Amino acid sequence: MKINVILAGPRGRMGSQAVEMILENKDQFNLAACIDRKNNGMQLKDIEGLPDLSIPIFEDPEECFQETEADVFIDLTIPETGYRNTKAAILHNIRPVVGTTGFTEEQIRDLSSICEEKQLGAIIAPNFAIGAVLMMKFSKMAAAYFPDVDIIEKHHDQKLDAPSGTAVKTAELMKETRDSKKQGHEDEQETLPGARGAEVDGMRIHSVRMPGLVAHQEVIFGGKGQTLTIKHDSINRDSFMEGIKFSVKQVMDLEKLVYGLENIL
Ligand code: NAP
């Protein structure tokens, strides 16, 4: 049976590519409706650059979820809107697959507890690229041996949240294996605030924003007489689509919220 999908953010860089991915997999998925912040009552075919199809667009997520028969909801928008959309989808028993980054820990806990109550599957993944997931896994392994570690994440300059969800997730995973340590000299001082980056349990995260970039991260470990660098580059947004496709299928078999693609691979 085909999985009926609602997608929010169809005009965005990720959203428009996800629309293409859904249409390329017509044997498995059906795009039932889209949620957009404009174009209410129009159809995809009315929007320049989107496929020539009669798929309805809603501005109000509540109305969309009420009027559309759907199994899965994909959110590729911005954190505030994404959180509201995702909560509404769950309350309508529609399983979310969320690529939007920047949800707070509290928001994730909140969504997780509603899913648990309802025994409804959900996936929130700060990075849908398999290479990025492996980078995080390898970093977690290395952190057990190298407590000195800096993360440098680099993204395009239209990204709204910093540090990236992937960088935060990497730090969280490394915290599980790394001995807690404040890095650098104990007397070090920042003569320019922010020079040493953001701090997570003594680790440092640095965020670069540049036109021309997509999504890139280096995790640099240092030990006596050696350094180890684990690096991943998403060269284009195709890198995320396989993970979204996989998640839309997997979420149908889940009965709780899973945070991070590595937990379902
Ligand atoms: P984008 O090109 O800026 O697209 C964002 C979309 O959200 C646009 O359609 C935008 O509409 C819409 N939007 C903005 N504000 C809104 C609002 N208040 N209400 C409703 N819709 C709103 O961004 P993107 O590069 O596609 O990224 C989308 C999200 O995916 C971001 O959170 C990004 O960090 C995340 N991301 C995740 C992954 C992953 O693997 N998980 C990978 C890449 C990106 P307008 O054009 O009208 O503003």
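Our structure's up above, just so we're on the same page.
These notes cover the structure that comes with them. Because the structure is a prediction, the values reported are computed rather than measured.

### Topic: the site of the ligand
For step 1, the next point in the chain: Taken together, the neighbourhood of the ligand is formed by 19 residues, with Arg11, Met14, Arg37, Thr101 and Phe128 sitting nearest.
For step 2, the next point in the chain: Contact between the ligand and Arg11: an oxygen atom at 2.7 Å from a side-chain N or O atom of the residue.
For step 3, the next point in the chain: Within the backbone of Arg13, one N or O atom sits 2.8 Å away from an oxygen atom of the ligand.
For step 4, the next point in the chain: Considering only residue class, the shell around the ligand consists of seven nonpolar, eight polar and four charged.

### Digging into the pattern of salt bridges
For step 1, the next point in the chain: Under the defined criterion, the tally for this structure stands at 13 salt bridges.
For step 2, the next point in the chain: Between Asp150 and Arg196 there is a salt bridge, and its shortest N-O distance comes to 4.0 Å. In this pair, Asp150 is assigned in strand S7 (residues 148–155) and Arg196 in the loop between helix H6 (165–175) and strand S8 (198–200), connecting sequence segments 46 residues apart.
For step 3, the next point in the chain: Judged by its relative accessible area of 18%, Asp150 falls in the buried class.
For step 4, the next point in the chain: With relative accessibility at 21%, the residue Arg196 sits in the partly exposed group.
For step 5, the next point in the chain: The residue Glu199 makes a salt bridge to Arg204 at a minimum N-O spacing of 3.7 Å.
For step 6, the next point in the chain: You can call Glu199 partly exposed: its relative accessible area is 46%.

### Examining the sheet that holds strand S9 (residues 203–209)
For step 1, the next point in the chain: An order of S8-S9-S7-S10-S11 is seen for the five strands of this open sheet, with the pairing classed as mixed. If you trace the sheet from one side to the other, it starts and ends with S8 and strand S11 (226–234), each paired once. For this sheet the average axis-to-axis angle between neighbouring strands, irrespective of direction, equals 20 degrees.
For step 2, the next point in the chain: Where S7 meets S9, six bridges bridge the pair, whose relative direction is parallel. Across the sheet, the residue bridging to Asp150 is Arg204, located in S9.
For step 3, the next point in the chain: Here helix H5 (residues 130–143) sits on the sheet and contacts strand S10 (215–223) and S11; the angle it forms with S11, its principal contact strand, is near 165 degrees.

### Looking at the packing of helix H1 (residues 13–24) against helix H7 (residues 238–250)
For step 1, the next point in the chain: Contact geometry of H1 with H7 gives a least axis separation of 10 Å together with a crossing angle of 55 degrees. Our classification of the angle between H1 and H7 gives oblique. Crossing handedness for the pair H1 and H7: right-handed. Along the contact surface, H1 presents Met14, Gln17, Ala18 and Met21, while H7 presents Asp238, Phe240, Met241, Ile244 and Lys245.
For step 2, the next point in the chain: Along the lines of polarity and charge, the residues of the contact of H1 with H7 split into six nonpolar, one polar and two charged.

### Quick notes on the nonpolar core
For step 1, the next point in the chain: Ranked by size, the top nonpolar core spans 54 residues in total, and within it Ile74, Phe221, Ile244 and Val248 carry the most contacts.
For step 2, the next point in the chain: Excluding residues within four positions of it along the chain, Val248 makes contact with Ile3, Val5, Phe29, Val72, Ile74 and Val97.

Parameters and conventions
Each chain has its residues counted from 1, running along the sequence as written. At least 70 in pLDDT is required for a residue's local features to be given in this predicted model, at least 80 for side-chain atom pairs to be given and counted, and no such filter applies to totals for whole chains, interfaces and linings, which use all residues. Note that the side-chain values use all heavy atoms of the structure and ignore hydrogens as well as water. Here a residue is near a molecule or strand as soon as one of its heavy atoms is found within 4 Å of it. Polar contacts here mean pairs of N or O atoms no more than 3.5 Å apart (in protein, one a potential hydrogen donor and the other a potential acceptor; neighbouring residues in sequence count only if both atoms are side-chain atoms). Throughout this entry, Asp, Glu, Lys and Arg are counted as charged residues, while Ala, Val, Leu, Ile, Met, Phe, Trp, Tyr, Cys and Pro are counted as nonpolar. The remaining residues, Gly among them, count as polar. Here, a salt bridge means any Lys or Arg side-chain nitrogen found within 4 Å of an Asp or Glu carboxyl oxygen. Numbering of helices and strands runs from the N terminus, with a helix taken as a DSSP run of H or I at least four residues long and a strand as a DSSP run of E at least two residues long. Exposure categories follow from relative accessible area, calculated using a 1.4 Å probe and restricted to protein chains: below 20% of the type maximum is buried, above 50% is exposed, and the middle band is partly exposed. Two strands qualify as a pair provided that DSSP identifies no fewer than 2 bridges between them. The angle between two axes is taken between their N-to-C directions and runs from 0 to 180 degrees, where each axis is a line fitted to C-alpha atoms and a helix contributes only its stretch in contact. Any two residues whose heavy atoms approach within 4.5 Å at even a single point are treated as in contact. In these notes the angle categories are as follows: under 35 degrees is roughly parallel, over 145 is roughly antiparallel, 65 to 115 is roughly perpendicular, and the rest is oblique. Helix crossings get a hand from a simple test, with the near helix turned counterclockwise from the far one by less than a right angle marking a left-handed crossing and a clockwise turn marking a right-handed one. Among buried residues, those of type Ala, Val, Leu, Ile, Met, Phe, Trp, Tyr and Cys that are joined through side-chain atoms within 4.5 Å constitute a nonpolar core.

Just distances and angles here, no functional claims.
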